[in-house]
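# Report on the structure
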Amino acid sequence: MNFSWPIDGTIVGVYLLATMVAGLLVRKYVSRVEDFLVAGREMNVYLGIASLAATEFGIITCMYTAQAGFTNGFAGALPGLCQAAAMFLIGWTGFCVKPLRDSGAMTLPELFEKRFGKFVRWLAGVVIVFGGLLNMGVFLKIGGDFLCLVCGFDIKYLAAIMTVLLVMVAVYTILGGMLSVLVTDFLQFVVMSIGLLVATVMILQQVGWEKLVATVEQHHGAGGFNPLANPNLGWTFIIMQILGNTAATLTWQTTIARLLAAKDTDTGRKVYTRTSFFFVCRWLIPGLWGIAALAVIGWQPLKQLTANELAKVPPAIQEKISASKPGAPLAQLSEAEATSLTPAIANKLNDASLHAMPKFLSTFIPVGLMGLLIAAMLAADMSTDSSYMLSWGSVIYNDILGPFRRRAWTDRRAILWNRCIVALIGVYLLVFGLLYSIEGNVWSYLLLTGSIYLSSMSVLLIACCYWRRANNWGALGAIILGAAVPIAHLSMEKIPATAKLAASLGKDAAGIGAFVAAAIGMIAGSLLKPRTEEKP
């Protein structure tokens, strides 16, 4: 490993100190709950671009996009193209985002109350938080995995690293809210961008573009360039990426938080259009890192295991695992052979493609630049975690607890409650990250858990803005059916009797099913409700 405590540790320490000081200095400007949740709605275009870009690129992002490059080649960057197109078109046309920002709401459910009533607002808040926290629950652990692997730390220190990361982020988020998030995001965006560019230039110079292309051709063939020719992708994957990324652009809480914090609607739309190309880079740059890892260290899943664990795997099974395609170490095993492996060994083998990129960087990046890279990744992770904690906390305060408040709270009491909620979310992240293991690749898991609410909230937002016949029956149908499909699939994955069926269906098909179910629920529910019962 190339991590040096005197040199790289100093670089990382200086960055962390600067971030903490910047985040804490603005806490004195937080006097109203609007300051805490939406930064007083004073965000300009450039701060919005930096904040959104920093928020949507964390260590988790780097890991799953690098994994996509490792397992699917250049075709793995398709989700970035889909979201870039969605960001540009929605920002350019103002589709849904203009009426949302013009409404003056601080969260999506607050807008829905005006059209569908208080219960829909409350239920929408519950679904958003449930899906969002399931989604974010794995961020901290994967961030800790990256730091352990790239720095050469023993995995037994994972819990300690997760705790330190969480405490640093939680302190300035709890004290300064969105103001601290925006200020630190700007600093983190600068550091993150420098680190990403330096690492990418080194890879292109020392590994070479020709070798990257040749590696993709060797391991993935035409499927490494064309998603339709890739057996891991295909039309189901493409349709899910279009639906999921469009819905995320419209309703993902951390994205629309920047829209709602903008000083006006035009500013929010400009943030969308001008940030759109970043989402291509967000997938392409770490994807190149993943391809470089495949080119330099190759596909060696058995190296994930200790000597004792390897001894428990029969030679015949080892041979099949070694001959497997990148990202699918157990694909060639029979059902009996797969079940003969302990869950711990199977999980380690499945993580081989996820861990390939940080293992490659640990020996590729030299001392000095390693400190810059780790500072960049910490910058990315801290901006993501702080924004997500604040986003889900704002929905809990504003939409889940809000209906139970008999009278308006003072700003002081409201800010105190928001700080407590963010702290509790932090505790949840630590516990969930240590206990839960993902089935399959990370991006598919994130998109499916996000679909628990993306499917219904996107349908509700479109109907709320553009369909006069939409009503609370349709809203309830969309929320319930949209959440039921992905929750059922995630549950089936964890039940031995149904795990095989869930794997054969795939997360992409389940995600598409969620969007279809939500649309059917909205249309059927709205049409079934008698017109005489609708509000004038």
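Residues numbered from 1 in each chain as written. Predicted model: local features only at pLDDT ≥ 70, side-chain atom pairs only at ≥ 80, totals over all residues. Heavy atoms only, no water.

## Brief notes about the overall build of the protein chain
For the protein chain, the count of helices and strands is 26 helices and zero strands. Radius of gyration (C-alpha) of the protein chain: 23 Å, near the 24 Å computed for a compact globule of 536 residues. Counting only C-alpha atoms, the protein chain reaches 70 × 50 × 40 Å along its principal axes. Within the protein chain, buried positions represent 60% of all 536 residues. Counting only contacts in the protein chain whose residues sit at least 6 apart along the sequence, the fraction spanning at least 24 positions is 85%. Carbon and sulfur atoms make up 66% of the accessible area of the protein chain, which totals about 21,300 Å². (Helix = DSSP H or I, 4+ residues; strand = E, 2+ residues; numbered from the N terminus. Rg over C-alpha atoms; globule rule 2.2 N^0.38 Å. Buried < 20%, exposed > 50% of the residue type's maximum accessible area, 1.4 Å probe, protein only. Contact = heavy atoms within 4.5 Å. Areas by Shrake-Rupley, 256 points an atom, 1.4 Å probe, with all protein chains shown as cover.)

## Some points on the side chain of asparagine 245
Relative to the elements of secondary structure, asparagine 245 occurs in helix H12 (residues 234–251). The exposure class of asparagine 245 is buried, given its relative accessible area of 1%. Excluding residues that lie within four positions of it along the chain, asparagine 245 makes contacts with Pro79, Cys82, Gln83, Ala86, Met240 and Trp443.

## Some points on the packing of aromatic side chains
Scanning all chains against the criterion turns up 24 aromatic pairs. Between the aromatic rings of tryptophan 5 and phenylalanine 153, the centroid separation amounts to 5.8 Å while the plane-to-plane angle is 15°, which identifies the pairing as stacked. Of this pair, tryptophan 5 sits in helix H1 (residues 5–25) while phenylalanine 153 sits in the loop between helix H9 (139–151) and helix H10 (158–206), placing them 148 residues apart in sequence. For tryptophan 5, a relative accessible area of 58% gives the class exposed. Relative accessible area serves as the criterion here: at 25%, phenylalanine 153 is assigned to the partly exposed category. Judged by centre distance (5.3 Å) and plane angle (35°), the rings of tryptophan 409 and tryptophan 417 are tilted. Aromatic rings pair up to connect Phe139, Trp252, Tyr388, Trp392 and Tyr453 into one cluster. (Phe/Tyr/Trp six-rings, centres within 6.5 Å; stacked < 30°, edge-to-face > 60°.)

## Overview of helix H22 (residues 411–435)
For H22, which comprises 25 residues, the first-to-last C-alpha distance of 36 Å matches the rise-based estimate of 36 Å (1.5 Å per residue) to within 8%. Taken together, the buried positions of H22 are Ala414, Ile415, Asn418, Ile421, Val422, Ile425, Gly426, Leu429, Leu430, Phe432 and Gly433. (Expected span 1.5 Å × (residues − 1).)

## Re the nonpolar core
Ranked by internal contacts, the top residues of the largest apolar core, which has 163 residues, are Phe112, Trp289, Met377 and Leu460. In terms of residue count, H10 provides more of this core than any other element does, 20 residues in total. Not counting chain neighbours up to four residues away, the residues in contact with leucine 460 comprise Phe112, Phe116, Val120, Ala475, Ala478, Ile479 and Met522. Of all hydrophobic cores here, the second largest spans nine residues; its members include Leu305, Val313, Ile321 and Leu333. (Core = buried A, V, L, I, M, F, W, Y, C linked by side-chain atoms within 4.5 Å.)

## Let's talk about the packing of helix H15 (residues 278–296) against helix H20 (residues 352–364)
Interhelical geometry of H15 versus H20 gives an angle of 70° and a closest axis separation of 8 Å. Judged on the interaxial angle alone, H20 and H15 are roughly perpendicular. Contacts between H15 and H20 involve Trp289, Gly290, Ala292, Ala293 and Val296 on the former and, on the latter, Ala356, Met357, Phe360 and Leu361. Taken together, the residues of the contact of H15 with H20 sort by class into eight nonpolar, one polar and no charged. (Axes fitted to C-alpha atoms, helices over the stretch in contact; angles between N-to-C directions. Parallel < 35°, antiparallel > 145°, perpendicular 65-115°, else oblique. Nonpolar A, V, L, I, M, F, W, Y, C, P; charged D, E, K, R; others polar.)

## Considering the pattern of salt bridges
Counted by the stated rule, this structure contains nine salt bridges. As a salt-bridge pair, arginine 282 and glutamate 56 come within 3.9 Å of each other at their nearest N and O atoms. A residue pair is termed long-range when its members are at least 10 positions apart, and arginine 282 in helix H15 and glutamate 56 in the loop between helix H3 (45–55) and helix H4 (59–72) qualify at 226 residues. For lysine 141, the salt bridge identified is with aspartate 145, shortest N-O distance 3.1 Å. Residue lysine 141 and its partner aspartate 145 are located together in helix H9, separated by four residues, close to a single helical turn. Assessed through its relative accessible area of 23%, lysine 141 is described here as partly exposed. Aspartate 145 sits in the buried class, given a relative accessible area of 4%. Three or more residues are tied together by salt bridges with common partners; here these are Glu113, Arg121 and Asp399. (Salt bridge = Lys/Arg side-chain N within 4 Å of Asp/Glu carboxyl O.)

## Topic: the environment of methionine 43
Within the fold, methionine 43 resides in the loop between helix H2 (33–38) and H3. Taking relative accessible area as the criterion, methionine 43 reaches 1% and is therefore assigned buried. Along the sequence, methionine 43 and aspartate 264 sit 221 residues apart, while their C-alpha atoms lie 8.8 Å from each other. Residues in contact with methionine 43, not counting those within four places in the same chain, are Gly48, Leu182, Arg258, Ala261, Ala262, Lys263, Thr267 and Val271.

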